[in-house]
Amino acid sequence: MDGDNMNLPRLFEDRMRNLLGDEYEEYLKCYHKPYYGGIRVNTLKLSPEEFENLCPFSIKKIPWIPNGYFYDTNEQPARHPYYYAGLYYIQEPSAMTPASLLPVKPGEKVLDLCAAPGGKSTELGAKLQGKGLLVSNDISNSRAKALLKNIELFGIKNAYVLSESPNRLAEHFPQYFDKILVDAPCSGEGMFRKSPSIMKNWEQYGVDYYNKLQKEIIIYAAKMLKPGGMMLYSTCTFSPEENEGTISYLLEECPDIHVVEALPSLEERKGLGLSYEGFDRGRPDWVNGPEQLKHCIRLWPHKISGEGHFIALLKKEGPSDTDKDNSSIRGKILDYKKGNTLSKEAEDFLYNLSNWDDLISQSRILIQKDRVYLVPAEFEEKQGLRTLRQGLFLGEMKKNRFQPSQALAIALKSNQYDKLINLSSKDQDVIRYLKCETLTVEKSNEKGWQLVCVDGYPLGWGKLNNNTLKNMYLPGWRWM
Ligand SMILES: C[S@@+](CC[C@H](N)C(=O)[O-])C[C@H]1O[C@@H](n2cnc3c(N)ncnc32)[C@H](O)[C@@H]1O
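Residues numbered from 1 in each chain as written. Predicted model: local features only at pLDDT ≥ 70, side-chain atom pairs only at ≥ 80, totals over all residues. Heavy atoms only, no water.

A.B. asks: Describe the overall build of the protein, and please don't skip the residues or the numbers.
C.D. replies: In terms of regular secondary structure, the protein is built from 15 helices and 24 strands. For the protein, the C-alpha radius of gyration of 23 Å lies close to 23 Å, the compact-globule estimate for 480 residues. Principal axes of the C-alpha set define a box for the protein whose edges measure 75 × 50 × 45 Å. Out of the 480 residues in the protein, the part that is buried amounts to 56%. Pairs at least 24 apart in sequence give 72% of the contacts found in the protein among residues at least 6 apart. Per element, the accessible surface of the protein, about 20900 Å² overall, is 47% carbon and sulfur. On the protein, the mean spot of the 62 positive side-chain charges and the mean spot of the 63 negative ones are 6 Å from each other. (Helix = DSSP H or I, 4+ residues; strand = E, 2+ residues; numbered from the N terminus. Rg over C-alpha atoms; globule rule 2.2 N^0.38 Å. Buried < 20%, exposed > 50% of the residue type's maximum accessible area, 1.4 Å probe, protein only. Contact = heavy atoms within 4.5 Å. Areas by Shrake-Rupley, 256 points an atom, 1.4 Å probe, with all protein chains shown as cover. Lys, Arg positive; Asp, Glu negative; His and termini not counted. Charge placed at Lys NZ, Arg CZ, Asp CG, Glu CD.)

A.B. asks: Describe the site of the ligand, and please don't skip the residues or the numbers.
C.D. replies: Taken together, 17 residues form the shell around the ligand, and within it G119, K120, D138, R143 and D183 come nearest. A distance of 3.2 Å separates an oxygen atom of the ligand from a polar backbone atom of G118. Within the contact set of the ligand, an oxygen atom lies 2.9 Å away from a backbone nitrogen or oxygen of G119. Relative to its unbound accessible surface of 590 Å², the ligand loses 84% to contact with the protein. Residue classes in the shell around the ligand are distributed as 10 nonpolar, 3 polar and 4 charged. (Near = heavy atom within 4 Å. Polar contact = N/O pair within 3.5 Å; in protein donor to acceptor, adjacent residues only side chain to side chain. Nonpolar A, V, L, I, M, F, W, Y, C, P; charged D, E, K, R; others polar.)

A.B. asks: Could you give an account of the sheet that holds strand 21 (residues 439-440), with specific residues and numbers?
C.D. replies: One open sheet holds the 5 strands; their spatial order is 20-22-23-24-21, and the pairing between them is mixed. The open sheet has two edge strands, strand 20 (420-423) and strand 21, and neither has a second partner. The sheet contact formed by strand 21 and strand 24 (residues 468-471) spans 2 bridges and is antiparallel. Paired with L439 across the strands is L469, a residue of strand 24. (Pairing = 2+ DSSP bridges.)

A.B. asks: Let's hear about the sheet that holds strand 1 (residues 37-41): which residues, and what values?
C.D. replies: Strand order in this open sheet of 4 strands is 2-3-1-4, and the pairing throughout is antiparallel. Each edge of the open sheet carries a strand with a single partner, namely strand 2 (59-61) and strand 4 (88-90). Between one strand and the next, the sheet's axes are offset by a mean angle of 30 degrees, whatever the strand orientation. (Axes fitted to C-alpha atoms, helices over the stretch in contact; angles between N-to-C directions.)

A.B. asks: An account of the pairing of strand 23 (residues 457-465) is requested, with residue identities and associated values reported.
C.D. replies: With 7 of 9 residues buried, strand 23 is to be regarded as a mostly interior element. Sheet analysis places strand 22 (residues 448-454) next to strand 23, joined by 7 bridges and oriented antiparallel. For L451, the partnering residue across the bridge sits in strand 23 and is W461. Turn length for the strand 22-strand 23 hairpin, with the two strands adjacent in sequence and antiparallel, is 2 residues, and the turn residue D455 shows positive phi of about 45 degrees. In this antiparallel pair of consecutive strands, strand 23 and strand 24, the connection spans 2 residues, and N466 shows a positive phi of 55 degrees.

A.B. asks: Residue-level account of the domain arrangement of the protein, with values.
C.D. replies: Per the domain assignment, the segments making up the protein are domain 1 (34-316) and domain 2 (414-480). Using only C-alpha atoms to locate each centre, domain 1 and domain 2 end up separated by 35 Å. Summed over both sides, the interface of domain 1 with domain 2 buries roughly 1200 Å², with 68% coming from carbon and sulfur. Ranking the residues of domain 1 by area buried against domain 2 places R79, P81 and Y84 at the top, with a combined share of 47%. (Domains from an automatic or database assignment. Buried area = accessible area lost by both parts, 1.4 Å probe.)

A.B. asks: If you had to explain the nonpolar core to someone new, which residues and values would you point to?
C.D. replies: Core analysis: the largest hydrophobic core is formed by 41 residues, its most contacted members being V182, M231 and I247. Here this core gets 6 residues from one element, more than from any other, and that element is helix 9 (residues 198-224). Once residues within four sequence positions are removed from consideration, I247 is found in contact with I218, Y233, V259, L293, F310, A312 and L314. Core analysis: the next-biggest nonpolar cluster, separate from the first, contains 38 residues, W64, I65, Y89 and L181 among them. (Core = buried A, V, L, I, M, F, W, Y, C linked by side-chain atoms within 4.5 Å.)

A.B. asks: Tell me about the UniProt feature "domain: SAM-dependent MTase RsmB/NOP-type" (unreviewed entry) in the protein, and please be specific about residues and values.
C.D. replies: UniProt tags residues 27-317 as "domain: SAM-dependent MTase RsmB/NOP-type" (unreviewed entry). Secondary structure across residues 27-317 comprises 32% helix and 22% strand; the distance between its end C-alpha atoms is 38 Å. (UniProt positions renumbered as here; feature names shortened; annotations may be inferred.)

A.B. asks: Outline the confidence of the model for the protein, listing residues and values.
C.D. replies: Counting all residues, the mean pLDDT for the protein is 92, and 94% of those residues have values of 70 or more. Note on residues 325-333: pLDDT under 50 across the span, and 21 contacts to partners over four residues away in sequence or across chains. (pLDDT = per-residue confidence, 0-100.)

A.B. asks: How would you sum up the environment of D348? Please name residues and give values.
C.D. replies: Within the secondary structure, D348 sits in helix 12 (residues 344-351). Linking D348 and F402, residues 54 residues apart in sequence, is a C-alpha distance of 9.1 Å. Looking at D348, its side chain comes within polar contact range of the side chain of K344, at 2.7 Å.

See the structure below:
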């Protein structure tokens with residue numbers, strides 16, 4: 001068996017043969033197997049059990065991800081209204097592993113340094129359950145826009161989306177974060193099967209180019225980690241230089257950081273109903289590095305049902321904060337610019353949402369010009385950072401009207417707003433709504449803003465006048 005019909009770079013083949021020895025033939029067979037599609041449930045909106053009952057596709061549990069499923073790749077989960085309701089993220093199964101193994105607790109300050117398009121940030125945000133702070137960053141502004149959309153679609157309220165270089169962030173956030181994820185740019189060897197075009201990039205830049213970048217990034221990340229904090233480094237590549245090599249470099253530069261065990265104990269696994277069968281360990285011998293690299297995790301496509309990943313969980317020495325749930329922080333109306341206050345219409349709209357008190361007990365209101373935001377109470381405003389989003393954009397005050405935002409609609413639960421238009425996912429009107437068309441509805445006596453839902457999950461706003469629903473769905477998100 002060989003990978004010839006994949007046209008793998010010759011140098012890559014030689015390197016892999018060298019690394020894998022007897023296993024190399026097994027590894028090559030993967031290039032002739034179908035791709036594994038994965039769906040990860042958004043636990044901000046529903047539980048895995050609720051999703052299993054609702055799911056219109058045939059799915060099977062991913063053994064190592066509590067909220068992850070394989071789906072039949074003949075199906076198109078991105079072409080379903082539930083996708084537009086933010087009920088799940090479509091993600092390759094091994095790429096679900098890093099965020100699932102970083103032990104994030106509600107109330108913590110979490111950084112995702114290389115976050116776009118958000119595959120891991122959306123899970124970190126879900127783990128925070130609306131409490132604490134998520135800073136999601138990507139150096140690329142265009143990629144950060146895709147990240148922003150996914151953060152909003154997931155209904156994450158307590159996120160800042162930034163587009164900065166790691167060194168600028170490190171200047172602003174010294175020893176600030178409880179948890180950091182560094183899903184580093186890499187040579188992408190684990191992506192060759194799914195996206196053969198990545199091979200050209202590999203040949204052009206090579207392993208050394210990325211390794212230099214990774215070493216820079218991980219040192220800046222280490223500077224932003226609190227004593228006692230934890231950082232998870234991951235790549236989707238196999239080369240030892242970019243994996244054990246980067247971690248070995250970090251351990252030398254930062255002697256207060258150590259690799260720790262990332263997988264739950266056998267007993268915990270049983271309790272959680274999870275299995276890590278096929279997971280391999282890091283290889284200190286490949287980089288002449290310290291024994292602790294054995295705690296790293298290697299996912300190989302010939303050993304698990306996924307494309308492959310490298311993961312290292314790291315801890316900085318120092319006391320860990322055990323209970324971070326900061327629900328005691330009381331909310332207050334915070335107006336950064338004196339003289340700007342909520343209009344009566346905005347106040348009426350927002351204070352009439354059920355559980356509004358709960359929302360602002362974790363957050364503060366920020367008004368900038370006519371735009372109203374709910375920002376995490378934990379965050380101190382940082383001047384001069386390229387910011388795509390600060391907390392949850394609630395809406396805009398326009399003369400004597402308040403226009404609620406798409407982000408607010410999708411962050412709400414249907415029981416938080418009393419004027420609902422709830423469509424069935426089988427009703428063609430759902431697609432018409434998502435295509436931004438005007439709908440005719442039977443409800444005629446409730447003028448004004450309506451929250452349009454699919455099977456009880458919010459999609460966006462509409463404005464009702466008699467039987468006509470003016471479509472207020474965000475045009476940039478519409479069904480194409
Ligand atoms: C592997 S991808 C991240 C994927 C993302 N974590 C996810 O799960 O959707 C790596 C990201 O690093 C970003 N990147 C590239 N160079 C960087 C740098 N010098 N500093 C920070 N991020 C960088 C890229 O724009 C890219 O989005």
